[in-house]
Structure formats: structure tokens, C-alpha cells
Amino acid sequence: MTDRRADTVRSPLDRAVERGGLALSRVRDQGGAAGRNRLRQLEITVVISAQAGLAAALAALLAQELLGPGAHVFAPAAAVGTIATAIGQRARRTFELLVGVGLGIVVGDLLRALLGSGSWQTGLVVTLAIATALLVAGRGGALVGQAGGTAVLIATLAPVQPGLELPRIFDALVGGLVGLFVVALLLPVNPIRVLDRAVEPVVTRLTEQLDAVAHALTRRDADAAQRALDDLRGIEPDIGRLNDALSGAEEVVTIAPARWHRRARFRRYADATQHLERVVLYARSIARRSATALQYDEPIPPALPDAVTRLGHAVRELKRGCKSGEDLERTRELVRQGAELAGRAWSQGVRAYGEAMISDLRTGQSELLRATGCRPEDANGTVRRAAGAGEAEARPPVRARMSRPVPRRPAGRGAPGQRPDMIRPPTRVA
């Protein structure tokens, strides 16, 4: 109550200055995060550009050496298309490219032989080629685009320039394989670094807002808890980029022999990030319940904000351990400490939203333990035991009273004023 009364006597100018300082701090943090994102994007741009340029040069050179002089435009174009596609989809893109070219050639040659050449024949060839590609692929993409483009070339250029089929297939094959060769052997990215750079903004934003929720609980500031919730809701784009990075890193450790030695470390990191995404959901729930509990003026035990802070520390330690490849025992210890604090907070007295907050905390702690490699039942058991220890510490059993012998009363006699039919046998303590 002292803190709340002290807050009410502050002048409007003091409150305005405090709000201005918080806003400036948020702008500074957002500016720093935006700068880091631009730096990461610049690095990715440089790597992909170098890969695309090298693949285009090699594809053009190889096509000229094997097919002879000529304008082998499609080979470098296919190589660039393979490189420039979404990271993690390059092998599939190459396969779709080859299948699409094959479908376009088959449909175009067959219909041109049956119907001849002309404007309406070209339209019909393209229609049937794309329809066939959509039936095969089930969706749009490189396969459909290549099938339609190849059908146009066959329908329009084959009558005046026969023999386009083989160069077209060869160009597609050379371009796609050269693109994969550059990605897998010549300039493979570091999968752990790709994953770490994608995890960084998620972990930074998550831990900062968990700290903000803990600070809001300590100061009983419902508005601050609501702001933390709003910021956590805006983390979805970072999670989307993290999932893309997971796909790209998995592609690299699959097709790049130079990165095969990182497979085990990648799997460990990838498993941890999947559980991290669930921790974000529980952090949002914690922030939402915190704001509601403060709005309803529920009691906030001192151990509760400490437990929220400890969850943020455990997330930071998880990320550090995954990046360095070290043992994650420190993360497990922080989770156990947080669960013990949550149990202590429950024993100190909470109401509906505080109890729901503790439930979310314990579930998030279990997810973090699973991120370290624990089985679900082991993770749940560890959190349960730690929370029980915290409850027992806050409400220790009265052992002296438990061991004290219960006085026996003569039969038929009870306390003064108690009827004989109300006498109960003494309770035995196990």
C-alpha cells in the first residue's frame, strides 16, 4: 500500500517525464533491433548475391562447353532461379523446374503434332500444359511456371527452329544442378550461424518483455503489463523468419557435405527453437493475466515477479548454450529455481488470475526443460517437485505439533458444553 500511496502524490509532470522516458527507451530499443535486422539482411543479401553470380557464370560456361557456342540463356537463368528462391526450398525448386520443363515439352510437342501451329494452337497448348502442371503439383510454383513457359517456346519457336527440346532440357538440368552445387559445395552458409541470427530477435524481445512484466508486477502497473503483452503479440514476424531459417539450415546440413559435422548440433538447436515458440505463447498469457490481476487489484506475492524474471534468465541461458554447444544444465537449474519461486508465490496467497498466471509459468518452465532434451514426463515431474519444495518452504510443516501425542479423553466425556453424540475419536497423525 505504501508504493501505491506514493504513486498517487506524484505530480502530473513527474508522470509525464516517466512516460516520456519509457517511450524514449522503447524507441531506442526498437531502433537498435531494426539496425540489427538490417545488418542481418545485408549479410544474407551479400551471400545470396555472390552465390547467384557464381552459379550464373558456371552454368553459362558449362552449357557452352557441352552444347557448343550459342545463346544458352536458360542455363544461367535456371541457376539464378534456384539460388534466389526461398532458402530451404532450393532442392525442391530444382526438381520442380526440371519436371515443369519436361511437362511443357511433352504437352507442347504432342499438341503441335496433332493441331499444327498458330495463335489459337499456342493458347490451347499453354492452357493444357498449365492445367496438367497444376494437377501434378496441386498448387502454383516453379513447376507450373516452367511448364507454361516451355509450352510457349515449343508452340511458337519449334516450327521455325526445330530441335529446341534437348537444349531446353539440358539447360534446365545444368542450371539447376549448378545452383545446388554452389549452395552445397562452393559457398555453403553456416547453418548454426543462420539459425542463431534468426533466434536472436525472438529471444531478445521475449526476455525483455518478461522482464517488463516482472517490473510491472513489482510496481503494480497494469498499463506496463498491457504494453508488454502488445509487444509480445508483435513477435510473429520474427517467428516467421525463424521458421524460414530453420528450413534453410536444415537444407544446408542435408545437402552440403562440408556442414554434415554440424548435424547433431543443428538438431539440438532446432528442437530447442520449436519449444521456444510455445514459450512465447505462454509468455503472452502470463502478460495478459498479469494485466488483468493488477486491474482487479489482486495480491501479488513478491516471489511471483521473481519467478517471471527467472523464466527470462532461463530463456537467455538456453540460447547461449545452444549457440556454444555447451551442456544446458544451467538452464535446467534456472527453471527449477523459477518453479520453486512459483510454488512459493502460490503458498503466499494468490487469487484467480494470479493462480492462472502461476499455471502458465509452470507450463512454460516445463517447455523450457523439454527444450533442453528432457522427456515430457521428466520435465513435468521436475517442475512439480520444485514447485512443491517452494510451497513447503513458504508453509513448513509444524513437525513439533505433528509429533506431539494427542491427549485421550475418557469415554463419554468431551469438551465442556459438548454433547456425547458430538465426540469424535482423536485423529491419528501418520
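Summarised in this report is the structure supplied together with it. Here the structure is a predicted model, which is why all the values come from computation and not from measurement.

### Some details on the overall build of the protein
Step number 1: A count of helices and strands for the protein gives 16 helices and zero strands.
Step number 2: Across the 430 residues in the protein, those meeting the buried criterion constitute 40%.
Step number 3: Expressed as a percentage of contacts within the protein between residues at least 6 apart in sequence, the contacts between residues at least 24 apart total 77%.
Step number 4: Of the roughly 23,000 Å² of accessible surface on the protein, a fraction of 58% belongs to carbon and sulfur atoms.

### Some remarks on the environment of Val199
Step number 1: Relative to the assigned elements, Val199 resides in helix 8 (residues 191–219).
Step number 2: Sequence separation of Val199 and Tyr269 is 70 residues, and the distance between their C-alpha atoms is 9.8 Å.

### Topic: the environment of Pro301
Step number 1: With respect to the helices, strands and loops of the structure, Pro301 is situated in the loop between helix 11 (263–295) and helix 12 (303–324).
Step number 2: For Pro301, a relative accessible area of 5% translates into the label buried.
Step number 3: Sequence-wise, Pro301 and Gly354 are 53 residues apart; in three dimensions their C-alpha atoms are separated by 9.1 Å.
Step number 4: Contacts of Pro301, omitting those with residues within four sequence positions, involve Ala345, Gln348, Gly349 and Val350.

### What about the packing of helix 11 against helix 12?
Step number 1: Interaxial distance between helix 11 and helix 12 falls to 10 Å at its minimum, and their mutual angle equals 165°. What the angle tells us is that helix 11 and helix 12 run roughly antiparallel. Where helix 11 crosses over helix 12, the two elements pack in a sense that is left-handed. The segment helix 11 lies against helix 12, with Arg265, Tyr269, Ala272, Leu276, Val279 and Ile286 engaging Val308, Leu311, Val315, Leu318, Lys319, Cys322, Lys323 and Ser324.
Step number 2: Partitioning the contact of helix 11 with helix 12 into residue classes produces ten nonpolar, one polar and three charged.

### Points about a nonpolar patch on the surface
Step number 1: Residues Leu110, Leu114, Leu115, Trp120, Leu124 and Leu128 make up a contiguous nonpolar surface patch of roughly 590 Å² in combined accessible area.
Step number 2: Secondary-structure elements contributing two or more residues to the nonpolar patch are helix 4 (90–115) and helix 5 (119–137).
Step number 3: Residue position: Trp120 is located in helix 5.
Step number 4: On the basis of relative accessible area, Trp120 is assigned to the exposed category, the value being 56%.

Each value, and the rule that gives it
Residues numbered from 1 in each chain as written. Predicted model: local features only at pLDDT ≥ 70, side-chain atom pairs only at ≥ 80, totals over all residues. Heavy atoms only, no water. Helix = DSSP H or I, 4+ residues; strand = E, 2+ residues; numbered from the N terminus. Buried < 20%, exposed > 50% of the residue type's maximum accessible area, 1.4 Å probe, protein only. Contact = heavy atoms within 4.5 Å. Areas by Shrake-Rupley, 256 points an atom, 1.4 Å probe, with all protein chains shown as cover. Axes fitted to C-alpha atoms, helices over the stretch in contact; angles between N-to-C directions. Parallel < 35°, antiparallel > 145°, perpendicular 65-115°, else oblique. Left-handed = near helix turned anticlockwise from the far one by under 90°. Nonpolar A, V, L, I, M, F, W, Y, C, P; charged D, E, K, R; others polar. Patch = residues over 30% accessible without salt bridge, like charges linked within 9 Å, V, L, I, M, F, W, Y side chains within 5 Å. Salt bridge = Lys/Arg side-chain N within 4 Å of Asp/Glu carboxyl O.

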